[in-house]
Amino acid sequence: MNPEQVRAALAAVEGWLRDDTAAAPARAELGAAVKATARALAADAPGGSVEVRVPPFVAVQCIEGPRHTRGTPPNVVETDPRTWLLLATGLLAFDDALASGALTASGTRAAEIARWLPVVRSR
């Protein structure tokens, strides 16, 4: 996905990301933004050693290293759609999301995605 498509998907949810009292975006808009940013992360940091999950919209594998193929991956990052988009746009730091419990990171390599964030800086 090219950067312009990612930015366009994010534009539909940006007001909600900056103001959590604003009306939530439509499910289709939210899903498009989550998928676009997660897939952009996977393209920027190709590999299969860490799985990033943002239910119910997407799960991608990224970060170079041993590829996981069956069962539960050893390195998993999981969060909700809003937290993911805040991370992906640089409006929330990985360590802050982890400390608050909004994000879980299991496995020795899971935290490596922090160096690939933000995927796109919010304007």
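Relevant structure appears above.
Owing to the predicted nature of the structure, the values given are computational and were not obtained by experimental measurement.

**Description of the pairing of strand β2 (residues 58-62)**
Regular strands place their side chains on alternate faces of the sheet. In β2, alternate side chains face the same way, and those of Val58, Val60 and Cys62 are buried while those of Ala59 and Gln61 on the opposite face are not. Looking at chain direction, strand β1 (residues 50-54) and β2 are connected through 5 bridges and run antiparallel. Its bridge partner being in β2, Arg53 is matched across the sheet by Ala59. Taking the residues that link successive antiparallel strands as the turn, the β1-β2 hairpin has 3 residues.

**Some remarks on the packing of helix α3 (residues 27-44) against helix α4 (residues 81-88)**
When two helices pack together, you describe them by how their axes are tilted relative to each other and by the distance separating the axes. The contact between α3 and α4 brings their axes to 10 Å, and the two run at 50°. In terms of orientation, α3 lies oblique with respect to α4. Crossing handedness for the pair α3 and α4: left-handed. When α3 is examined against α4, the residues Leu30, Ala33, Val34, Thr37, Ala38 and Leu41 are found in contact with a partner set consisting of Pro81, Trp84, Leu85 and Ala88. Partitioning the contact of α3 with α4 into residue classes produces 9 nonpolar, 1 polar and no charged.

**Some points on α3**
With 18 residues, α3 extends 26 Å between its outermost C-alpha atoms, agreeing within 8% with the 26 Å of an ideal straight helix rising 1.5 Å per residue. Turning to α3, its buried residues number three or more, namely Leu30, Gly31, Ala33, Val34, Ala36, Thr37, Ala38, Ala40, Leu41 and Ala42. Contacts from the buried residues of α3 go to α1 (3-11), α2 (14-18), β1, β2 and α4.

**Observations regarding the nonpolar core**
Judged by nonpolar contacts, the single largest core of 37 residues is most densely connected at Val52, Trp84, Leu85 and Ile113. Only α1, α2, α3, β1, β2, α4 and α5 (94-100) provide two or more residues apiece to this core. With 8 residues, α3 is the largest single contributor of residues to this core.

**A closer look at the sheet that holds β1**
With mixed pairing, the 4 strands of this open sheet are ordered in space as β2-β1-β3-β4. The open sheet has two edge strands with one neighbour each: β2 and β4 (103-106). Between one strand and the next, the sheet's axes are offset by a mean angle of 15°, whatever the strand orientation. Examined bridge by bridge, β1 and strand β3 (residues 76-79) share 3 bridges and lie parallel to one another. The residue of β3 that forms the bridge with Val52 is Val77. Where α3 meets the sheet, it contacts β1 and β2, and its direction lies at approximately 10° from that of β2.

**Section: the packing of α1 against α3**
Contact geometry of α1 with α3 gives a least axis separation of 8 Å together with a crossing angle of 145°. Read as a crossing pair, α1 and α3 show a hand that is left-handed. Between α1, through Val6, Ala9 and Leu10, and α3, the contact on the second element is made entirely by Ala32, Ala33, Ala36, Thr37 and Ala40. Among the residues making up the contact of α1 with α3, the classes are represented as 7 nonpolar, 1 polar and no charged.

Conventions adopted
Residues numbered from 1 in each chain as written. Predicted model: local features only at pLDDT ≥ 70, side-chain atom pairs only at ≥ 80, totals over all residues. Heavy atoms only, no water. Buried < 20%, exposed > 50% of the residue type's maximum accessible area, 1.4 Å probe, protein only. Helix = DSSP H or I, 4+ residues; strand = E, 2+ residues; numbered from the N terminus. Pairing = 2+ DSSP bridges. Axes fitted to C-alpha atoms, helices over the stretch in contact; angles between N-to-C directions. Parallel < 35°, antiparallel > 145°, perpendicular 65-115°, else oblique. Left-handed = near helix turned anticlockwise from the far one by under 90°. Contact = heavy atoms within 4.5 Å. Nonpolar A, V, L, I, M, F, W, Y, C, P; charged D, E, K, R; others polar. Expected span 1.5 Å × (residues − 1). Core = buried A, V, L, I, M, F, W, Y, C linked by side-chain atoms within 4.5 Å.

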